[in-house]
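Architecture and fold: a report
Given next are the chains, with one letter for each unit.
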Amino acid sequence: MSMQRIDDITNLKRVLREHRQGGARIGLVATMGALHEGHLSLVDALRTRADVLVATVFVNPKQFGPSEDLDRYPRDLDRDASLLAGRGVHVLFAPSVRTIYPEGFRTTVSVAGVSEGLCGALRPGHFDGVATIVLKLFNIVAPDVAIFGEKDFQQLAVIRAMARDLDLDVEIVGAPIVREADGLAMSSRNAFLSPDERVRASALSAGLRAAQDAFRAGEQRGARLCEVARTVMLASAVHPQYLELRGLDDLAPLDFADRPSVLLTAAYVGSTRLIDNLILSRS
Ligand code: PAF
């Protein structure tokens, strides 16, 4: 089956209805395009879970603040389409902003608690924008399963909470971060880094790994684990906006890593904002 490119909602719903009537299980990978191996790994992971793979490419204005990088966010739909087709995606939905948010659109979805703190504190309204578009895409595609990367750990927690609260009939799957050889988490925004910034950017993951080493050596104090990570980051002149130990399941702030925990960070490298996280493990 060659990939169908669809940009209107009625047509997409019709095509997916036919697949569903034929007994197919529908899988969704939602993206903002500028695809890299991290996104494509989501497609690969979905292939064993669904019969019809739907990818969406939509740079969602509602999740960008007024002073953020919406205008310069990288866009190359033809390249994205050929990468998705090459990985076996069946349907690409790439709507316009007007299609998704027609004149008079007025609804915002807000997931309290888990949207607050971390990126939510620094990017007011960001997770409302994410929850709104993801719920809208779920309603349009009606997927049986949808997969999201763990790099956006808080986003994944917001989507899981929304799905639980609203009894959405979709299985949410989280997929591990895909990293460059030096540990930098893959991100569409890495393309903005200058060569020098690209080298310094690996300090985010190096810092988290150093904290992981300290944890494995017996350190459980959150403050100390964050200090270990911060020291590594600062050595490369990378100043974290936040560096926090949180509970893996509920993202609750933790003083001690005495239950399943994750370290999360965000930092500007030059003018590019990067995020990363590491789930603490004994081995
Ligand atoms: O992770 C992303 O790329 C976006 O936040 C998403 C989930 C596609 C919603 O716009």
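Predicted model only: the values in this text are computed from it and were never measured.

**Topic: the sheet that holds strand β9 (residues 272-279)**
- The antiparallel open sheet is built from three strands, whose spatial order is β7-β8-β9. The two strands at the open ends of the sheet, each matched to only one other strand, are β7 (240-247) and β9. On average, each strand axis in the sheet is tilted by 15 degrees relative to the strand beside it, whichever way the strands run.
- Note that strand β8 (residues 261-269) and β9 share eight bridges and pair antiparallel. Note that in β9 the partner of A266 across the bridge is I275.
- Running at roughly 25 degrees to β9, helix α8 (residues 195-216) makes contact with β7, β8 and β9 of the sheet.

**What to know about the site of the ligand**
- Taken together, the neighbourhood of the ligand is formed by A30, T31, M32, N60, Q63, I133, F148, D152 and Q155.
- Interatomic distance of 2.6 Å between a side-chain N/O atom of Q63 and an oxygen atom of the ligand.
- Contacts to the ligand include Q155, whose side-chain N or O atom sits 2.6 Å from an oxygen atom.
- Starting from 290 Å² of accessible surface for the ligand in isolation, the protein chains cover 89%.
- A per-class count over the shell around the ligand returns four nonpolar, four polar and one charged.

**Notes on helix α3 (residues 77-86)**
- Within α3, the full set of buried residues consists of D80, A81 and L84. For α3, the arc enclosing every buried residue in end-on projection is 100 degrees, short of the 170-degree limit, so these residues lie on one face. Among the exposed residues of α3, those oriented more than 90 degrees off its buried face are D78, S82 and G86.
- The inward-facing, buried residues of α3 abut β1 (4-6), α2 (37-47), β3 (52-57) and β4 (91-93).
- Looking one or two places after α3, you find G88, whose phi comes out positive at around 90 degrees.

**Let's talk about the side chain of T265**
- Tracing the backbone through its elements, the reader meets T265 in strand β8.
- Judged by its relative accessible area of 0%, T265 is buried.
- A polar contact of 2.8 Å, which involves the side chain of T265, links it to the backbone oxygen of Y242.

**Structural notes on the packing of aromatic side chains**
- The final tally for this structure, using the stated rule, is four aromatic pairs.
- Aromatic pair F58 and Y101: ring centres 6.0 Å apart, planes at 55 degrees, arrangement tilted. Taken as a pair, F58 in the loop between β3 and α3 and Y101 in the loop between α4 (97-100) and α5 (118-122) lie far apart in primary sequence, 43 residues in all. Comparing F58 with Y101 shows no difference in burial state: the two are buried.
- Centre to centre, the rings of Y101 and F105 are 4.9 Å apart; their planes meet at 75 degrees, and the pair counts as edge-to-face.
- Residue F105 is classed as partly exposed on the basis of its relative accessible area of 27%.
- A network of ring pairs unites the aromatic residues F58, Y101 and F105 as a single cluster.
- One residue, K62, lies across the ring of Y101, its end atom 4.7 Å from the ring centre.
- Here the basic side chain of R282 rests over the ring of F215, its NZ or CZ set 3.9 Å away from the ring centre.

**Side note on the environment of V269**
- Among the secondary structure elements, V269 is positioned in strand β8.
- The buried category is assigned to V269, whose relative accessible area is 0%.
- Each C-alpha atom of the pair V269 and F192 lies 9.8 Å from the other, and the pair is 77 residues apart in sequence.
- When neighbours within four sequence positions are excluded, V269 is seen to be in contact with L193, E197, R200, A201, L204, V238 and L274.

**Digging into helix α1 (residues 9-21)**
- Between its first and last C-alpha, α1 extends 18 Å over 13 residues, near the 18 Å set by a 1.5 Å rise per residue.
- Taken together, the buried positions of α1 are I9, L12, V15, L16 and H19. The arc that holds the buried residues of α1, viewed along the axis, is 135 degrees, so those residues lie on one side. In α1, the exposed positions that point more than 90 degrees away from the buried face belong to T10 and Q21.
- Each element contacted by the buried residues of α1 is listed here: β1, β2 (26-31), β3, β4, α4 and α6 (126-141).
- Regarding α1, its N-cap is D8, as a side-chain oxygen of that residue lies 3.3 Å from the backbone nitrogen of T10 further along.
- Phi turns positive one or two residues past the end of α1, at G23, with a value near 95 degrees.

**Overview of the pattern of salt bridges**
- For the coordinates displayed, the defined rule picks out 17 salt bridges.
- For R87, the salt bridge goes to E37, with nearest N and O atoms at 2.5 Å. Taken together, the positions of R87 in the loop between α3 and β4 and E37 in helix α2 put the pair 50 residues apart, joining distant regions of the chain.
- Residue classification places E37 among the partly exposed residues on the basis of a relative accessible area of 35%.
- Each of E37, D44, R47 and R87 takes part in salt bridges that share partners, so that together they form one network.

Criteria and cut-off values
Residues numbered from 1 in each chain as written. Predicted model: local features only at pLDDT ≥ 70, side-chain atom pairs only at ≥ 80, totals over all residues. Heavy atoms only, no water. Pairing = 2+ DSSP bridges. Helix = DSSP H or I, 4+ residues; strand = E, 2+ residues; numbered from the N terminus. Axes fitted to C-alpha atoms, helices over the stretch in contact; angles between N-to-C directions. Contact = heavy atoms within 4.5 Å. Near = heavy atom within 4 Å. Polar contact = N/O pair within 3.5 Å; in protein donor to acceptor, adjacent residues only side chain to side chain. Areas by Shrake-Rupley, 256 points an atom, 1.4 Å probe, with all protein chains shown as cover. Nonpolar A, V, L, I, M, F, W, Y, C, P; charged D, E, K, R; others polar. Buried < 20%, exposed > 50% of the residue type's maximum accessible area, 1.4 Å probe, protein only. Arc of directions from axis to C-beta. Phe/Tyr/Trp six-rings, centres within 6.5 Å; stacked < 30°, edge-to-face > 60°. Lys NZ or Arg CZ within 6 Å of the ring centre and 35° of its normal. Expected span 1.5 Å × (residues − 1). Salt bridge = Lys/Arg side-chain N within 4 Å of Asp/Glu carboxyl O.

Purely geometric numbers; function is a separate question.
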